Amino acid sequence: MKKVQELPFPLEIQLTESEKEFFSRRGPAPSAWNETRRHPRFYFRTCITARIFPPLESQDSPSELHHVLARDISRSGLSILHS
């Protein structure tokens, strides 16, 4: 059995499941009967460091680094969780 990954930072996101359950999901993600996605989603559970840039109107503000969790991925997008 694969070991659940250790988080490199404290988890500030309130999950609806345990960390172990969150990181253990693999393979295709289920879809709803009325979903109109063009591309299937797959579980992609990992920690990501994201650099967030300010809106164009606030160019004087510096960019910030944030830790987020990736949830799933498809050919056209990535779902992340952040607080």
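Here the structure is a predicted model, which is why all the values come from computation and not from measurement. (Residues numbered from 1 in each chain as written. Predicted model: local features only at pLDDT ≥ 70, side-chain atom pairs only at ≥ 80, totals over all residues. Heavy atoms only, no water.)

**Student:** Can you walk me through the packing of aromatic side chains in this structure?
**Tutor:** Two numbers describe a pair of aromatic rings. These are the distance of the centres and the angle of the planes. Applying the stated criterion across every chain, the model contains one aromatic pair. Between Phe22 and Phe23, the ring centres sit 5.0 Å apart and the planes meet at 90°, which makes this aromatic pair edge-to-face. Taken as a pair, Phe22 and Phe23 share a single burial class, namely buried. (Phe/Tyr/Trp six-rings, centres within 6.5 Å; stacked < 30°, edge-to-face > 60°. Buried < 20%, exposed > 50% of the residue type's maximum accessible area, 1.4 Å probe, protein only.)

**Student:** In this structure, what is going on with the pattern of salt bridges? I would like to understand it.
**Tutor:** Side chains that carry opposite charge are capable of pairing whenever their charged atoms lie near each other. The tally for this structure, following the rule as stated, stands at four salt bridges. Close ionic contact of Arg45 with Glu17 constitutes a salt bridge, the shortest N to O distance being 3.4 Å. One end of the pair, Arg45, is in strand β1 (residues 42–52); the other, Glu17, is in the segment before α1 (19–24), and 28 residues separate them in sequence. For Arg45, a relative accessible area of 9% corresponds to the buried category. (Salt bridge = Lys/Arg side-chain N within 4 Å of Asp/Glu carboxyl O. Helix = DSSP H or I, 4+ residues; strand = E, 2+ residues; numbered from the N terminus.)

**Student:** How should the side chain of Asp72 be read in this particular structure?
**Tutor:** Mapping Asp72 onto the fold places it in strand β2 (residues 64–74). Those residues in contact with Asp72 that lie beyond four places of it in its chain are Arg41, Phe42, Tyr43, Phe44, Gly77, Leu78 and Ser79. (Contact = heavy atoms within 4.5 Å.)

None of the figures reported here should be taken as evidence of function without further support.
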